[in-house]
Amino acid sequence: MRVPRLIGLMAVDARERARAQGLFLNAPDRPDFHLAVVDYVVRQYPQPGAEVPRESMVYVWFDFGEGDGGGGGVREPRIPRPPSGGLQRELDEPGGTFEMTNQ
(Lines give C-alpha, C1' and ligand atoms only; values in the text may rest on other atoms or scores of the structure.)
Protein backbone atom coordinates (compact mmCIF):
# COMPACT_ATOMS: atom_id res chain seq x y z
CA MET A 1 0.00 0.00 0.00
CA ARG A 2 1.06 3.60 -0.58
CA VAL A 3 1.54 6.08 2.27
CA PRO A 4 -0.99 8.94 2.01
CA ARG A 5 0.09 12.58 2.12
CA LEU A 6 -0.45 13.79 5.69
CA ILE A 7 1.53 17.05 5.49
CA GLY A 8 -0.77 20.03 5.90
CA LEU A 9 -3.51 18.07 7.64
CA MET A 10 -4.68 18.76 11.17
CA ALA A 11 -3.73 16.07 13.68
CA VAL A 12 -7.26 14.71 13.93
CA ASP A 13 -7.53 14.40 10.13
CA ALA A 14 -4.08 12.81 9.80
CA ARG A 15 -5.01 10.17 12.38
CA GLU A 16 -8.26 9.41 10.57
CA ARG A 17 -6.64 9.15 7.13
CA ALA A 18 -3.90 6.85 8.43
CA ARG A 19 -6.43 4.68 10.25
CA ALA A 20 -8.55 4.41 7.08
CA GLN A 21 -5.46 3.16 5.20
CA GLY A 22 -4.61 0.62 7.90
CA LEU A 23 -1.54 2.51 9.13
CA PHE A 24 -0.41 3.55 12.59
CA LEU A 25 0.69 7.10 13.39
CA ASN A 26 3.41 8.16 15.80
CA ALA A 27 4.48 11.73 16.64
CA PRO A 28 7.94 11.77 18.26
CA ASP A 29 7.66 15.49 19.11
CA ARG A 30 4.22 15.14 20.76
CA PRO A 31 3.83 12.74 23.70
CA ASP A 32 0.18 13.92 23.89
CA PHE A 33 -0.44 13.14 20.20
CA HIS A 34 -3.70 11.31 20.93
CA LEU A 35 -5.06 14.61 22.34
CA ALA A 36 -3.80 16.88 19.53
CA VAL A 37 -6.60 18.17 17.29
CA VAL A 38 -5.81 21.37 15.39
CA ASP A 39 -2.01 21.18 15.10
CA TYR A 40 -0.80 20.85 11.50
CA VAL A 41 1.55 18.11 10.26
CA VAL A 42 4.73 19.68 8.82
CA ARG A 43 6.79 16.52 8.07
CA GLN A 44 6.21 12.83 7.69
CA TYR A 45 8.21 9.62 7.27
CA PRO A 46 7.92 7.57 5.12
CA GLN A 47 7.27 10.12 2.41
CA PRO A 48 3.88 10.27 0.67
CA GLY A 49 3.59 7.61 -2.03
CA ALA A 50 6.13 5.23 -0.47
CA GLU A 51 5.16 1.55 -0.58
CA VAL A 52 4.79 0.02 2.91
CA PRO A 53 3.08 -3.09 4.31
CA ARG A 54 -0.34 -2.69 5.91
CA GLU A 55 -0.18 -1.80 9.65
CA SER A 56 3.15 0.03 9.21
CA MET A 57 4.11 2.96 11.40
CA VAL A 58 4.12 6.45 9.86
CA TYR A 59 5.91 9.19 11.81
CA VAL A 60 4.60 12.75 11.72
CA TRP A 61 5.97 16.00 13.17
CA PHE A 62 4.14 19.17 14.09
CA ASP A 63 7.20 21.43 14.51
CA PHE A 64 10.31 21.86 12.37
CA GLY A 65 12.53 21.78 15.45
CA GLU A 66 15.48 23.97 16.42
CA GLY A 67 17.17 25.68 13.51
CA ASP A 68 14.79 24.35 10.86
CA GLY A 69 12.59 27.39 10.49
CA GLY A 70 10.44 27.31 13.60
CA GLY A 71 6.93 26.01 13.80
CA GLY A 72 4.17 25.72 11.28
CA GLY A 73 3.80 29.49 11.14
CA VAL A 74 0.82 31.78 11.15
CA ARG A 75 -1.95 30.77 8.80
CA GLU A 76 -4.20 33.85 8.97
CA PRO A 77 -3.49 37.17 7.24
CA ARG A 78 -1.35 39.53 9.29
CA ILE A 79 -2.29 43.20 9.68
CA PRO A 80 -0.87 45.60 8.54
CA ARG A 81 -0.30 44.00 5.18
CA PRO A 82 2.86 44.77 3.21
CA PRO A 83 2.55 47.60 0.69
CA SER A 84 1.36 46.63 -2.75
CA GLY A 85 3.06 47.54 -5.98
CA GLY A 86 6.02 45.16 -6.15
CA LEU A 87 9.63 45.94 -5.42
CA GLN A 88 10.61 49.43 -4.38
CA ARG A 89 13.91 51.19 -4.98
CA GLU A 90 16.07 51.79 -1.92
CA LEU A 91 16.62 55.51 -1.37
CA ASP A 92 19.98 57.14 -0.65
CA GLU A 93 20.82 58.02 2.93
CA PRO A 94 19.87 61.63 3.76
CA GLY A 95 22.61 64.13 4.53
CA GLY A 96 24.80 63.63 1.46
CA THR A 97 25.61 66.40 -1.01
CA PHE A 98 23.25 66.50 -3.92
CA GLU A 99 23.95 68.24 -7.20
CA MET A 100 21.18 69.60 -9.34
CA THR A 101 21.62 69.23 -13.06
CA ASN A 102 19.66 70.68 -15.93
CA GLN A 103 18.31 68.09 -18.25
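Structure first, text after, so check above.
Summary of the structure given here. Everything numeric in this text was worked out from a predicted model, so none of it was measured. Sequence order as written defines residue numbering, which begins from 1 separately in each chain. Confidence filtering applies because this is a predicted model: local features only for residues at pLDDT of at least 70, side-chain atom pairs given and counted only at 80 or more, and all residues used for totals across whole chains, interfaces and linings. For the side-chain quantities, the full set of heavy atoms in the structure was used; hydrogens and water were omitted.

Looking at the nonpolar core
Note the cut-off: For this analysis, a nonpolar core means a set of buried residues of the types Ala, Val, Leu, Ile, Met, Phe, Trp, Tyr and Cys, connected via side-chain atoms within 4.5 Å. A 1.4 Å probe rolled over the protein chains alone gives each residue an accessible area, and that area as a share of the maximum for its type sets the label: buried under 20%, exposed over 50%, partly exposed in between. Secondary structure counts use DSSP, requiring at least four H or I residues in a row for a helix and at least two E residues in a row for a strand, with both numbered from the N terminus. Here a residue-residue contact requires only that any non-hydrogen atoms of the pair lie within 4.5 Å.
Among the nonpolar cores identified, the biggest contains 16 residues, and Leu6, Ala14, Leu25, Phe33, Val58, Val60 and Phe62 are the most heavily contacted of them. Elements with a minimum of two residues in this core: α1 (11–20) and β3 (57–61). When residues in this core are grouped by element, the largest group, three residues, is from α1. The contact partners of Leu6, leaving out residues within four places of it in the chain, are Ala14, Arg17, Leu25, Val41, Gln44, Val58 and Val60.

Focus: the pairing of β3
So the rule is basically this: The pairing criterion is simple: DSSP has to find at least two bridges between the two strands.
Going residue by residue along β3, you find Val58 and Val60 tucked away on one face and Met57, Tyr59 and Trp61 left uncovered on the opposite face. Both strand β1 (residues 24–26) and β3 contribute to a ladder of three bridges, which runs parallel. Bridge pairing in β3 links Asn26 to Tyr59.

A word on the pattern of salt bridges
Stated precisely, the cut-off is as follows: Within this document, salt bridges are pairs made up of a side-chain nitrogen of Lys or Arg and a carboxyl oxygen of Asp or Glu, the two lying within 4 Å of each other.
With the rule as written, the count across this model stands at four salt bridges. As a salt-bridge pair, Glu16 and Arg19 come within 3.1 Å of each other at their nearest N and O atoms. Separated by three residues within a single helix, Glu16 and Arg19 lie in helix α1, roughly one turn from each other. Given a relative accessible area of 46%, Glu16 falls into the partly exposed group. Two residues, Arg30 and Asp32, come together in a salt bridge whose shortest N-O distance is 3.4 Å. A residue is classified by how much of its surface remains accessible, and Asp32, at 31% relative accessible area, is partly exposed. Each of the salt bridges in this network shares a partner with another, and the network as a whole consists of Arg30, Asp32 and Asp39.

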